[in-house]
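Reading the structure
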Amino acid sequence: MTDGKLAVIGLGSIGSMALWQASRITDAVVGFEAATPAHGRSAVGGDTRLFRMIYRGNPDYYPILQRSQTLWAELEAETGQNILTRCGGLSIGTADGPYIRSILETTRLTGAEHQILSHEELAARYPQHNLRPDDIAIYDPNAGALRTDRAVTAAIAAAGANGATVRRNTRVDSVRETNDGVIVTSGDKSWTFDNAIIASGGWSNRLMPDYLKAATETKRIFLTWFVAKDASEFTPEKFPIFIRIYEDRSMYGAPAVDGVTVKATLDGRGGPTPNPDAVPRELTQAEIQETTETVTEFFPDLYSNIVRSDAFPDLYTKDGNPLLGRLKDASRIYCATGFSGAGFKNATGFGHIAAQEALGKQTFEGLDFVRPERFKTS
Ligand SMILES: Cc1cc2nc3c(=O)[nH]c(=O)nc-3n(C[C@H](O)[C@H](O)[C@H](O)COP(=O)(O)OP(=O)(O)OC[C@H]3O[C@@H](n4cnc5c(N)ncnc54)[C@H](O)[C@@H]3O)c2cc1C
């Protein structure tokens, strides 16, 4: 007899969704969380994450995004929470530049719904953006802002309603596989499960085998917020999520979901951080200067001083794709981590894949690009 069919270790962005999804299959599932689910020092911190169906890169993410979109709506319906603010999204860049070209190429392959906005259309519809002369945008009608702490709290509540057990303030020290199951220990306590999912985000490499420690690194990502001169111009109804990428500057952000502050943050600035429990929250002078310069250029209708900033950990892999799969063939330990600064939009989809596969069920075809074994050297 074991203590359950499945243990989920880490109840942050993806672990909470995996617990919820597993609880639809069995109530013999137990989640372990070192602190409390949705705590503000994890990758859940910072209020919102961008959700979008238009992106550049591997089209194989698209079916996962579609599943995620469906599951976000199911989580909202199941819990009565408004999790995804469906405000649309803009990808802004130079008309014939590499950013817009690569977005259009991926969109052609995925068939994602979109609209190309000319410079004039963009300027007329979204005057909040101070455009460069050759700017155009790709509009994503299905994009929006995910409310992170609400999402994780809702998933934990839905899992609990289905009979899942949640062990808060229980930091797992080790996960060990034997012939009888997976032994999970925390302090002087231990439990045995048929299978376990490691979903411990920036902390995961403490529990992972050496070949995955070598392929991953915890990074710090910071966020910044600004006050609008006229808050009514930056509401979700008028101001979609956005990403602007040029060779010299890049920024992404979200509307004022709290009615006051607009998130506008430099893109792609993740830097290594040795200890996920002590991520430096203060911005450096260089980060402040570049952020202020960029917001001054892009948004003349925002006061350019940073009114709020913070920083959080996420686990990055060497190729930027997640680790989703068993540690090796027939292993009882499954990894769902390494989301490399891009995991939240797909948290429901990734949680679904992890829960299904860890419980021995099929999901998507074509997931080789996320399998942990790709990093095995021998
Ligand atoms: C600032 C920032 C902005 C981002 N913007 C976007 C965006 O706009 N769109 C997007 O899609 N993605 C975005 N991302 C990426 C996305 O948020 C992350 O990829 C995702 O949240 C990672 O989820 P996770 O479950 O792996 O980690 P986390 O959410 O950090 O969860 C890990 C959990 O495991 C717990 N834990 C750790 N060790 C143990 C242990 N030993 N025992 C028990 N529990 C443990 C932790 O306490 C934590 O609760 C952003 C990330 C950051 C940091």
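Analysis parameters
All residue numbers refer to position in the chain's written sequence, counted from 1. Given that this is a predicted model, residues contribute local features only at a pLDDT of at least 70 and side-chain atom pairs are listed and counted only at 80 or more, while totals for whole chains, interfaces and linings are drawn from all residues. Helical segments are the DSSP runs of H or I of at least four residues, strand segments are the runs of E of at least two, and each set is numbered from the N terminus. Every radius of gyration here is taken over C-alpha atoms, with the globule rule written as 2.2 Å times N^0.38, N being the number of residues. Each residue is classed by its C-beta neighbour count within 10 Å, where at least 20 other C-beta atoms makes it buried, 12 or fewer makes it exposed, and intermediate counts make it partly exposed; the C-beta atoms are placed from backbone geometry. Using a C-beta atom placed from the backbone, a residue is scored as near a molecule or strand whenever that atom is within 6 Å of it. When residues are grouped by polarity, Ala, Val, Leu, Ile, Met, Phe, Trp, Tyr, Cys and Pro land in nonpolar, Asp, Glu, Lys and Arg in charged, and all others, Gly among them, in polar. For the domains described, the bounds stem from an automatic or database domain assignment. Pairing between strands requires that DSSP locate at least two bridges from one strand to the other. Whether two residues are in contact depends on their C-beta atoms, placed from the backbone: they are in contact if these lie within 7 Å. Working convention: axes come from line fits to C-alpha atoms, limited for helices to the stretch in contact. Angles between N-to-C directions cover 0 to 180 degrees. A set of buried Ala, Val, Leu, Ile, Met, Phe, Trp, Tyr and Cys residues, joined through C-beta atoms within 7 Å, is what we mean by a nonpolar core. Any angle between 65 and 115 degrees counts as roughly perpendicular, while under 35 counts as roughly parallel, over 145 as roughly antiparallel, and the rest as oblique. If you view the pair so one helix is near and one far, a crossing is left-handed when the near helix is turned anticlockwise from the far one by less than a right angle, and right-handed when it is turned clockwise.

What to know about the overall build of the protein
When you go through the protein residue by residue, the secondary structure sums to 8 helices and 21 strands. Here the C-alpha atoms of the protein give a radius of gyration of 21 Å, agreeing with the 21 Å that 2.2 N^0.38 yields for 378 residues. Principal-axis analysis of the C-alpha atoms gives the protein an extent of 65 × 45 × 40 Å. Scored against the burial criterion, the 378 residues of the protein give a buried share of 49%.

Some thoughts on the site of the ligand
Not every one of the 36 residues close to the ligand is listed here, only the nearest: G10, G12, G201, F339 and G343. Mapped by element, the contributors of at least two residues to the shell around the ligand are α1 (13-23), β3 (48-51), β14 (216-227) and β19 (308-317). The element contributing the most residues to the shell around the ligand is α1, with 3 residues. Partitioning the shell around the ligand into residue classes produces 18 nonpolar, 13 polar and 5 charged. Formed jointly, the shell around the ligand draws a minimum of three residues from each of two domains, domain 1 (6-47 + 148-215 + 318-375) and domain 2 (73-146 + 217-317).

So, the sheet that holds strand β4 (residues 84-85)
If you trace the 3 strands from one edge of the open sheet to the other, you get β3-β8-β4, paired in antiparallel fashion. Among the strands making up the open sheet, the edge pair consists of β3 and β4. In this structure, β4 lies alongside strand β8 (residues 144-147), joined through 2 bridges in antiparallel fashion. Bridge assignment links L84 to a residue of β8, and that residue is L146. In the packing of helix α5 (residues 148-161) onto the sheet, contacts are made with β3 and β8, and the angle to β8 comes to roughly 55 degrees.

Considerations on the nonpolar core
Counting residues in each nonpolar core, the largest one holds 110 residues, and the members touching the most others are I9, A196 and I197. Ranked by residue count, the leading element in this core is α5, at 7 residues. Other than its neighbours up to four places away in sequence, I9 contacts F32, V172, V175, V184, A196, I197, I198, A199, S200 and L207.

Observations concerning the environment of M251
Along the chain, the position of M251 falls in strand β16 (residues 250-254). Judged by the 22 C-beta atoms lying within 10 Å of it, M251 is buried. Every residue in contact with M251, bar those within four places of it in the chain, is listed here: R244, A264, T265, L266, D267, T294 and F298.

Considering the domain arrangement of the protein
According to the domain assignment, the protein contains domain 1 (6-47 + 148-215 + 318-375) and domain 2 (73-146 + 217-317). With centres defined by C-alpha atoms, the gap from domain 1 to domain 2 works out at 28 Å. Contacts between the two partners involve 32 residues from domain 1, matched on the other side by 19 residues from domain 2. Tallying contributions element by element places α5 first for the side of domain 1 that touches domain 2, with 7 residues. Per-class residue counts for the side of domain 1 that touches domain 2 are 12 nonpolar, 15 polar and 5 charged.

Concerning unusual backbone geometry
Where the residue is not glycine, phi is negative for most of them; where a peptide bond is considered, it is trans in most cases. One non-glycine residue, A38, adopts positive backbone phi at about 75 degrees. Structurally, A38 can be placed in the loop between β2 (29-32) and β3.

Details of the packing of α1 against helix α8 (residues 347-358)
Their axes nearest at 7 Å, the elements α1 and α8 cross at an angle of 55 degrees. Accordingly, the angle class assigned to the pair α1 and α8 is oblique. Relative to α8, α1 is oriented so that their crossing is right-handed. Counting all contacts with α1, which are made through S13, I14, M17, A18, W20, Q21 and A22, the residues of α8 involved are A347, T348, F350, G351, H352, A354 and A355.

Section: the sheet that holds β2
Whenever strands of a sheet pair, they do so through backbone hydrogen bonds, lying parallel or antiparallel. Strand order in the open sheet made by the 6 strands is β9-β2-β1-β13-β21-β20, with mixed pairing throughout. The open sheet has two free edges, formed respectively by β9 (165-167) and β20 (323-326), since each of these has just one partner strand. Geometrically, the sheet is characterised by an average inter-axis angle of 15 degrees between neighbouring strands, direction not taken into account. Across 4 bridges, β20 lies against strand β21 (residues 333-337) in antiparallel orientation. Along β21, the bridge assignment pairs L324 with A336.

Here we look at the pairing of strand β13 (residues 195-198)
Judged by which residues are buried, β13 turns out to be covered on both faces: N195 and I197 on one side and A196 and I198 on the other are all buried. Judged from the 4 bridges that link them, strand β1 (residues 6-9) and β13 form a sheet pairing that is parallel. Counted as the bridge partner of A7 is A196 from β13. In the sheet, β13 pairs with β21 via 3 bridges, with the strands oriented parallel. From the neighbouring strand, A196 faces β21, where its bridge partner is I333.

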